Amino acid sequence: MSADPACQLYIISPLETGGDFPGRLREALAAAPVAAFQFRVKGLDQHEAARLAAPLQAICAEYDTAFIVNDDIALAARLDADGVHLGQGDGELAEARERLGRDVQIGITCHDSRHLALEAGEAGADYVAFGAFYPSETKDTEHRAYPELLSWWSSMVEIPCVAIGGITAANAAPLIAAGADFLAVSGGVWKHAGGPAAAVREFSEILAGG
């Protein structure tokens, strides 16, 4: 997962990934290119999480989409995932790097903080995530970020930045224009009235400048 000149789509799972969700993920990834998929579940033991992750990871591999584990270094190691995304307080970047190796993508949540982002970059993060840019139905938003933060980061640092928080096809344009390398989207895909494939196609058109 690396930054191309154009902004790319980074999908985050809903908390419920059982049932018919693998089919919905396949529908989304088949619609248009998706750079990464983050497996985000809460309150499950590692065995159950690994069971749910297995078919999703296989689908991501089929579509050349990076499979990123949220918050759990041990689970990322168990699955041989493409990456792990760590929030503040979800484990040390150095620990993740030592356990997962140099080739695994490590992303760090930096909220609205330039200081946290610079620290993450110096520590060897592969990307930093800023947000929330808009109110989110997926999780509580304690921090509010603004597009100027993306512009500052992209002008200062080569490490890719991810914009997150309440992003939909309707409000994505200012974040793309500000310099986001990736748009991290959950509800904007899974709760889209036309279904996940329609959502991914809409994002694809916007990201292509259409």
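Residues numbered from 1 in each chain as written. Predicted model: local features only at pLDDT ≥ 70, side-chain atom pairs only at ≥ 80, totals over all residues. Heavy atoms only, no water.

(A) The arrangement of the sheet that holds strand 7 (residues 161-164) in detail. Spatially, 1-2-3-4-5-6-7-8 is the arrangement adopted by the 8 strands of the closed barrel, whose pairing is parallel. For this sheet, the mean angle separating the axes of adjacent strands, direction not counted, is 25°. Relative to strand 8 (residues 182-185), strand 1 (residues 8-12) runs parallel, the two sharing 4 bridges. Bridged to Leu-9 within strand 8 is Leu-183. Contacts between helix 2 (residues 46-62) and the sheet are confined to strand 2 (36-39) and strand 3 (66-70), with strand 2 contributing the most and set at about 175° to the helix. (Pairing = 2+ DSSP bridges. Helix = DSSP H or I, 4+ residues; strand = E, 2+ residues; numbered from the N terminus. Axes fitted to C-alpha atoms, helices over the stretch in contact; angles between N-to-C directions. Contact = heavy atoms within 4.5 Å.)

(B) Summary view of the packing of helix 1 (residues 21-31) against helix 9 (residues 196-207). Where helix 1 contacts helix 9, the axes come no closer than 8 Å and their chain directions differ by 25°. Classified by the interaxial angle, the pair formed by helix 1 and helix 9 is roughly parallel. The crossing of helix 1 and helix 9 is right-handed. Facing helix 1, whose interface residues are Arg-24, Glu-27, Ala-28 and Ala-31, helix 9 presents Pro-196, Ala-197, Val-200 and Arg-201. The class makeup of the residues in the contact of helix 1 with helix 9 is 5 nonpolar, no polar and 3 charged. (Parallel < 35°, antiparallel > 145°, perpendicular 65-115°, else oblique. Left-handed = near helix turned anticlockwise from the far one by under 90°. Nonpolar A, V, L, I, M, F, W, Y, C, P; charged D, E, K, R; others polar.)

(C) Spatial organisation of the environment of Asp-72. Counting through the fold element by element, Asp-72 comes out in the loop between strand 3 and helix 3 (73-79). Its relative accessible area of 28% is what places Asp-72 among the partly exposed residues. Residues in contact with Asp-72, not counting those within four places in the same chain, are Gln-46 and Val-84. At 3.1 Å, the side chain of Asp-72 forms a polar contact with the backbone nitrogen of Ala-74. (Buried < 20%, exposed > 50% of the residue type's maximum accessible area, 1.4 Å probe, protein only. Polar contact = N/O pair within 3.5 Å; in protein donor to acceptor, adjacent residues only side chain to side chain.)

(D) Just the pairing of strand 7, in detail. Both strand 6 (residues 127-131) and strand 7 contribute to a ladder of 4 bridges, which runs parallel. Across the sheet, Val-128 pairs through a bridge with Cys-161, a residue of strand 7. With 3 bridges joining them, strand 7 and strand 8 adopt parallel strand pairing. Opposite Val-162, over in strand 8, you have Phe-182 as the bridge partner. Handedness of the crossover joining strand 7 and strand 8 through helix 7 (residues 173-178): right-handed. (Right-handed = clockwise from strand over helix to strand, strands pointing away.)

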